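# Results of the structural survey
Listed below, chain by chain, are the residues.
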Amino acid sequence: MVKTLYVGNLPWSTTPDDLTTYFSEYGEVVSSRIIKEKETNRSRGFGFVEVADEDAEKMISELDGKEFNGRPLTVNEAKSRE
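Just so it is clear, the model here is predicted, and its values are computed rather than measured. (Residues numbered from 1 in each chain as written. Predicted model: local features only at pLDDT ≥ 70, side-chain atom pairs only at ≥ 80, totals over all residues. Heavy atoms only, no water.)

### Looking at the overall build of the protein chain
In terms of regular secondary structure, the protein chain is built from 2 helices and 6 strands. For the protein chain, the sequential pattern of α-helices and β-strands runs β-α-β-β-α-β-β-β. Based on the C-alpha atoms only, the size of the protein chain along its principal axes is roughly 35 × 30 × 20 Å. Split into buried and exposed, the 82 residues of the protein chain put 37% on the buried side. Long-range pairs, those at least 24 residues apart, make up 62% of the contacts in the protein chain with a sequence separation of at least 6. A total of about 5,200 Å² of accessible surface is found on the protein chain, and carbon and sulfur atoms cover 45% of it. Computed over 11 positive and 16 negative side-chain charges, the inter-centroid distance for the protein chain is 7 Å. (Helix = DSSP H or I, 4+ residues; strand = E, 2+ residues; numbered from the N terminus. Buried < 20%, exposed > 50% of the residue type's maximum accessible area, 1.4 Å probe, protein only. Contact = heavy atoms within 4.5 Å. Areas by Shrake-Rupley, 256 points an atom, 1.4 Å probe, with all protein chains shown as cover. Lys, Arg positive; Asp, Glu negative; His and termini not counted. Charge placed at Lys NZ, Arg CZ, Asp CG, Glu CD.)

Pasting the structure below:
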């Protein structure tokens, strides 16, 4: 199974590859994406990382509040859209 993690407070220059590399140190990463504004294609400062189910809780506990490129990350389980 796969869980999706919300990752907030990202620096504008963060790429999906940066997220994959960083989160891979803590477990298996399936995919990652950065959310961008449609008009400007600029990062909105958050993204999502799909991880192996068994690694999700560890990643949340170890990475929430941890500094990434000078900014403290917000990491929690993503909520589904309604």
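### Here's the deal with the nonpolar core
Counting residues in hydrophobic clusters, the biggest one holds 18 residues, and the most contacted among them are Leu 5, Val 7, Phe 23, Met 59 and Val 75. Secondary structure elements with two or more residues in this core: β1 (2–8), α1 (16–24), β2 (29–36), β3 (43–52) and α2 (53–63). No other element matches α2, which puts 4 residues into this core. Leave out the neighbours within four places in its chain, and Leu 5 touches Phe 23, Gly 47, Phe 48, Val 49, Val 51, Ala 56, Met 59, Ile 60, Val 75, Asn 76, Glu 77 and Ala 78. (Core = buried A, V, L, I, M, F, W, Y, C linked by side-chain atoms within 4.5 Å.)

### Considerations on the packing of aromatic side chains
Applying the stated rule across the entire model yields 6 aromatic pairs. Arranged with centres 6.0 Å apart and planes meeting at 65°, the rings of Tyr 6 and Phe 48 form a pair that is edge-to-face. Placement of Tyr 6 in strand β1 and of Phe 48 in strand β3 is noted, with a sequence separation of 42 residues between them. On the numbers, 6.0 Å between centres and 90° between planes, the contact of Phe 46 with Phe 48 is edge-to-face. Judged by relative accessible area, which is 17%, Phe 48 ranks as buried. Aromatic ring contacts, followed pair by pair, group Tyr 22, Phe 23, Tyr 26 and Phe 68 into a single cluster. (Phe/Tyr/Trp six-rings, centres within 6.5 Å; stacked < 30°, edge-to-face > 60°.)

### A look at the sheet that holds strand β6 (residues 74–77)
Each strand in a sheet pairs with another by means of backbone hydrogen bonds, the pair being arranged parallel or else antiparallel. An order of β2-β3-β1-β6 is seen for the 4 strands of this open sheet, with the pairing classed as antiparallel. Edge positions in the sheet fall to β2 and β6, since each of these pairs with one other strand and no more. Across the sheet, the axes of successive neighbouring strands diverge by a mean angle of 25°, strand direction being ignored. (Pairing = 2+ DSSP bridges. Axes fitted to C-alpha atoms, helices over the stretch in contact; angles between N-to-C directions.)

### Notes on α1
Among the residues of α1, Leu 19, Tyr 22 and Phe 23 are the ones counted as buried. One side of α1 carries all its buried residues, which in axial view fall inside an arc of 90°. Exposed residues pointing more than 90 degrees away from the buried face of α1 are listed as Asp 17 and Thr 21. Elements in contact with the buried residues of α1: β1, β2, β3, α2, β4 (67–68) and β6. (Arc of directions from axis to C-beta.)

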